[in-house]
Amino acid sequence: MTAPERYPLSLRINGQEHQLQIEAWVTLLDLLRERLDLTGSKKGCDHGQCGACTVLVDGKRINSCMTLAVMQNGREVTTIEGLAEEGKLHPLQQAFIDNDAFQCGYCTPGQICSAVGLIKEGQAKTVADVRELMSGNVCRCGAYPGIRKAVCAVAGIDGGDNAERPVVPGTVPA
Ligand code: FES
Ligand code: FES
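The text that follows walks through the structure, step by step, so that each part is easy to find. All values derive from a computational prediction rather than experimental measurement.

Basis of the calculations
Residues numbered from 1 in each chain as written. Chains lettered and ligands numbered in written order. Predicted model: local features only at pLDDT ≥ 70, side-chain atom pairs only at ≥ 80, totals over all residues. Axes fitted to C-alpha atoms, helices over the stretch in contact; angles between N-to-C directions. Helix = DSSP H or I, 4+ residues; strand = E, 2+ residues; numbered from the N terminus. Parallel < 35°, antiparallel > 145°, perpendicular 65-115°, else oblique. Left-handed = near helix turned anticlockwise from the far one by under 90°. Contact = placed C-beta atoms within 7 Å. Nonpolar A, V, L, I, M, F, W, Y, C, P; charged D, E, K, R; others polar. Pairing = 2+ DSSP bridges. Core = buried A, V, L, I, M, F, W, Y, C linked by C-beta atoms within 7 Å. Buried ≥ 20, exposed ≤ 12 C-beta atoms within 10 Å, placed from the backbone. Domains from an automatic or database assignment.

Some thoughts on the packing of helix α2 (residues 91-98) against helix α3 (residues 108-121)
- Closest axis-to-axis distance for the α2/α3 pair is 10 Å, and the angle between their directions is 130 degrees. As summarised for this structure, α2 and α3 are arranged oblique, according to the angle between their axes. Pair α2 / α3 crosses with right-handed handedness. In this structure, α2 contributes L92, Q93 and F96 to the contact, and α3 contributes T108, I112, A115 and V116.
- Among the residues making up the contact of α2 with α3, the classes are represented as five nonpolar, two polar and no charged.

As structure tokens, then:
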């Protein structure tokens, strides 16, 4: 049996150039986690439904489980490992700590990368916008109130305690 064909792939990941040879079917998430040991990005569902794998490609948030690595040739990828600068946490990382925005932490890298992309997009003006535009990032621990507060704090949106919503039985308050 012949070895599977590999394709050249050039990526800048967290500021570092990578020249790789990769099979066509490897997702960006698997490349990051399995080949480059960047395990901050998490695999929750592996089919675009949970957001745990969210990374930034050329500054835009994407689900890295839903794109093949070879499709991103020449792009700049930023993962959770690349957000802190010179030993200082990214403001969103700090805000997640300050606002108690996680429990198990499994969704947190994706939540933070998604929030970085959200703020860059400039579409979120209200708490409702934040809820809607972060809805692709699921938190099984239900840390949504803290996540919403953290994102609003960094985005400069009034998302304080006044923004609490009544709990509807059978739903998770976001
Ligand atoms: S692991 Fe990619 S969206 Fe769930
Ligand atoms: S903190 Fe556990 S899944 Fe979000």
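Notes on the sheet that holds strand β1 (residues 6-13)
- If you trace the five strands from one edge of the open sheet to the other, you get β2-β1-β5-β3-β4, paired in mixed fashion. In this open sheet, the two edge strands, each paired with only one partner strand, are β2 (16-23) and β4 (60-63). Strand after strand, the sheet turns through a mean of 40 degrees between neighbouring axes, direction not considered.
- Bridge analysis of β1 against strand β5 (residues 76-78) gives two bridges, and the strand direction is parallel. Bridging from a neighbouring strand, I13 pairs with V77 of β5.
- Across the sheet, α3 is in contact with β3 (54-57) and β4; its angle to β3 comes to roughly 35 degrees.

A few points about the pairing of β4
- One ladder, built from four bridges, connects β3 with β4; its direction is antiparallel. The residue of β4 that forms the bridge with T54 is N63.

A short note on the environment of S114
- Its location among the elements puts S114 in helix α3.
- Along the primary structure S114 and N63 are separated by 51 residues, whereas in three dimensions their C-alpha atoms are 9.2 Å apart.
- Those residues in contact with S114 that sit more than four places away from it in its chain are G51, T54, R61, M134, G136 and N137.

Details of the packing of α3 against helix α5 (residues 144-155)
- α5 packs onto α3 with a crossing angle of 35 degrees between their chain directions and a minimal axis gap of 11 Å. Viewed along their axes, α3 and α5 form a crossing whose handedness is right-handed. Residues Q111, A115, L118 and I119 of α3 form the contact with α5, whose participating residues are I147, V151, V154 and A155.
- Split by residue class, the contact of α3 with α5 holds seven nonpolar, one polar and no charged.

Let's talk about the nonpolar core
- One finds L92, F96, I112, A115, V130, A150 and V151 to be the most contacted residues of the largest nonpolar core, which totals 41 residues.
- If you list the elements that add at least two residues to this core, you get β1, α1 (28-35), β3, α2, α3, α4 (127-133) and α5.
- With six residues, the single largest contributor to this core is α5.
- Two domains each put at least three residues into this core: domain 1 (6-82) and domain 2 (91-163).
- Dropping the residues within four chain positions of it, I112 is found in contact with I80, L83, L92, Q93 and F96.

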